[in-house]
Amino acid sequence: MTADLTRSATDGPAAAGGAGPSAPSATAGRGRRGGGGLGRYILTRFLLIIPTVLILMTVVFFLMRITGDPITAALGGRLTPDQLAQRRAEAGYDRPLIIQYLDYLWGVVRGDFGTTYTDRTPVAKILTEYGGATAELVIYAVVVALVIGVPLGMLAARARDRWGDLALRVLAILGYATPVFFVGLLLKLVFSVGLGWLPVAGRISSRGELTMGKILNPTPFYLLDAIRLGDVSLLWDVISHAILPAIALGLLTGGIFLRLVRTNMIGTLEMPYVDSARSRGVRESRLTTRHALRPALIPIITVMGMQIAMMLGGAVLTETTFEWKGLGYMLAEYMTARDYVAVQGIVMMLAVIVAISNFLVDVIAALIDPRVRY
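Rules of the game
- Residues numbered from 1 in each chain as written.
- Predicted model: local features only at pLDDT ≥ 70, side-chain atom pairs only at ≥ 80, totals over all residues.
- Heavy atoms only, no water.
- Helix = DSSP H or I, 4+ residues; strand = E, 2+ residues; numbered from the N terminus.
- Buried < 20%, exposed > 50% of the residue type's maximum accessible area, 1.4 Å probe, protein only.
- Contact = heavy atoms within 4.5 Å.
- Areas by Shrake-Rupley, 256 points an atom, 1.4 Å probe, with all protein chains shown as cover.
- Axes fitted to C-alpha atoms, helices over the stretch in contact; angles between N-to-C directions.
- Parallel < 35°, antiparallel > 145°, perpendicular 65-115°, else oblique.
- Left-handed = near helix turned anticlockwise from the far one by under 90°.
- Nonpolar A, V, L, I, M, F, W, Y, C, P; charged D, E, K, R; others polar.
- Phe/Tyr/Trp six-rings, centres within 6.5 Å; stacked < 30°, edge-to-face > 60°.
- Lys NZ or Arg CZ within 6 Å of the ring centre and 35° of its normal.
- pLDDT = per-residue confidence, 0-100.
- Patch = residues over 30% accessible without salt bridge, like charges linked within 9 Å, V, L, I, M, F, W, Y side chains within 5 Å.
- Salt bridge = Lys/Arg side-chain N within 4 Å of Asp/Glu carboxyl O.
- Expected span 1.5 Å × (residues − 1).
- Core = buried A, V, L, I, M, F, W, Y, C linked by side-chain atoms within 4.5 Å.

Asks: Summarise the overall build of the protein; cite the residues concerned and give the values.
Replies: Within the protein, the secondary structure is distributed over 16 helices and zero strands. Buried residues in the protein amount to 44% of all 374 residues. A separation threshold of at least 6 residues defines the contact pool for the protein, and within that pool the share at least 24 residues apart is 72%. Put simply, the protein shows about 19900 Å² of open surface, and 66% of that area lies on carbon and sulfur atoms.

Asks: Describe unusual backbone geometry, naming the residues involved and giving the relevant values.
Replies: With phi around 50°, Glu323 is a residue other than glycine that occupies positive phi space. Looking at where Glu323 falls in the secondary structure, it is placed in the loop between helix 14 (284–322) and helix 15 (327–336). The class of Glu323 is partly exposed, set by a relative accessible area of 46%.

Asks: If you had to explain the packing of helix 3 (residues 49–64) against helix 6 (residues 97–109) to someone new, which residues and values would you point to?
Replies: Closest axis-to-axis distance for the helix 3/helix 6 pair is 11 Å, and the angle between their directions is 135°. Regarding the angle of helix 3 to helix 6, the classification is oblique. Both helix 3 and helix 6 take part in a crossing whose hand is right-handed. Across the interface between the two elements, Leu54, Met57, Thr58, Phe61 and Phe62 from helix 3 touch Leu97, Gln100, Tyr101, Tyr104, Leu105 and Val108 from helix 6. Considering only residue class, the contact of helix 3 with helix 6 consists of nine nonpolar, two polar and no charged.

Asks: Describe the packing of aromatic side chains, listing the residues and the values that go with them.
Replies: Summed over the entire model, instances satisfying the criterion amount to six aromatic pairs. Summarising the aromatic geometry, the rings of Phe46 and Phe359 are spaced 5.6 Å apart at their centres and angled 65° between planes, so their arrangement reads as edge-to-face. On the criterion of sequence distance, the pair formed by Phe46 in helix 2 (residues 23–47) and Phe359 in helix 16 (residues 340–368) is long-range, its members being 313 residues apart. Assessed through its relative accessible area of 13%, Phe359 is described here as buried. Ring geometry for Phe61 and Phe62: centres 5.2 Å apart, planes at 85°, overall edge-to-face. Here Phe61 falls in the buried class, since its relative accessible area comes to 1%. Take Phe62: its relative accessible area is 32%, and that puts it in the partly exposed class. Counting every residue linked through ring pairs, the aromatic cluster contains Phe61, Phe62, Tyr101 and Tyr104. Sitting over the face of the ring of Phe322, Lys188 holds its NZ or CZ atom 5.7 Å from the ring centroid. Across the ring face of Tyr222, the terminal group of Arg203 is positioned such that the distance to the ring centre comes to 3.7 Å.

Asks: Could you give an account of the confidence of the model for the protein, with specific residues and numbers?
Replies: When pLDDT is averaged along the protein, the result is 76; 76% of the residues meet or exceed 70. Contacts for the low-pLDDT stretch residues 1–35, under 50 throughout, to residues beyond four places or in other chains number 17 contacts.

Asks: Describe a nonpolar patch on the surface, and please don't skip the residues or the numbers.
Replies: Together, Phe181, Phe182, Leu185, Leu186, Leu189, Val190, Val193, Leu195, Trp197, Val200 and Leu317 give the surface a local cluster of nonpolar side chains, amounting to about 1100 Å² of exposed area. With seven residues, the top contributor of residues to the nonpolar patch is helix 9 (residues 180–194). Here Leu189 lies in helix 9.

Asks: Got a sec to walk through helix 15? Specific residues and values, please.
Replies: Those residues of helix 15 that fall on the buried side of the exposure criterion are Leu327, Gly328, Tyr329, Met330, Leu331 and Tyr334. Looking one or two residues beyond helix 15, the residue adopting positive phi is Arg338, at roughly 60°.

Asks: Describe helix 3, with residues and values.
Replies: Its 16 residues give helix 3 an end-to-end C-alpha distance of 22 Å, which sits within 8% of 22 Å, the value for a rise of 1.5 Å per residue. Listing the buried residues of helix 3 in full gives Ile49, Val53, Met57, Thr58, Val60, Phe61 and Met64.

Asks: Give me the packing of helix 7 (residues 123–158) against helix 15: which residues, what numbers.
Replies: One can describe the packing of helix 7 onto helix 15 by two numbers: an axis separation of 7 Å at closest approach and a directional angle of 125°. With respect to each other, helix 7 and helix 15 are oriented oblique. Where helix 7 abuts helix 15, its residues Ile126, Leu127, Tyr130, Gly131 and Thr134 lie against Leu327, Gly328, Met330 and Tyr334. Its residues placed into classes, the contact of helix 7 with helix 15 shows six nonpolar, three polar and no charged.

Asks: Residue-level account of the nonpolar core, with values.
Replies: Counting 62 residues, the largest nonpolar core has Met212, Met304, Met311, Tyr334 and Ile346 as its most contacted members. Counting only elements with at least two residues in this core, the list comes to helix 3, helix 6, helix 7, helix 12 (232–269), helix 14, helix 15 and helix 16. For this core, the element with the most residues is helix 7, which contributes 15 residues. When sequence neighbours within four positions are dropped, the list of residues in contact with Met304 reads Val142, Leu146, Phe257 and Val361.

Structure follows, in structure tokens:
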């Protein structure tokens, strides 16, 4: 009996099944089939990116045309009817809608997303110039969400049904139920206006922008460029501007991660192989970190793509609140100006980011948990 318990605790749940002498060959066969299954799974998920982006791009295109053509929406009231008609003819908006749609698709294939009507800027330039800022903010927010959600979820699982667990669950609900813009304004009032510890807005200071301008071949990420320069003051300038926006956006997902980790760790800690290890005197802290943490992280990875989509939606409010000039900030600006060509291009780029993120998350989940492939 003791030997069985020892073997169960050492090998984990798989050992409880007690496969006989034929187990190695069966496992090898499953591994060979899993390899092929993994390849088909990755290819299928990758090919699904195309129809996903195409459907969303089509929906956005036709929704933008409900109120009329983009030129009338952006410049109506500022040009005479004759001037509007001339501009519409030059842009091809006097042609059938299906022809306009096919022309737009062909332009997207060639990397041409059109030109804004309010400031005559190529949409492709907007995407490349401001896309890095949004990607950097989302990465910061994911780090904040993991730092908050995983450790607190572990604590909540270990303190199950006690006051600490209750407090953390309430905190999690507040995290994902409180509007992002409200959290952002509250953080600004406390840490920027009240205490004066952190900058109130922007992505970097004016002095930092001058220093960044000296970098040859800059990347879209200020943090990487500051590290490349080796300037400690510039590095703190970048980090200090990112702290409050990252917290405001990361709390939304951090609360969800907390609940996921708590729920899954409670289930894992009740597994027979964990009970066997506990009966042999293994410390609770070791059981939590070595036996229960990894299975609890798998659901976080599987929902990460959805959370990135939520973060991109929240980035519009976060970037507007903190004047963080990324795609969300520019989307709000062009929506106010009713420049639907710019809105269309930005929304499509966000859709591509979400689709690629979901693909990468699915691949990682399939590598960690083979059951996902089938």
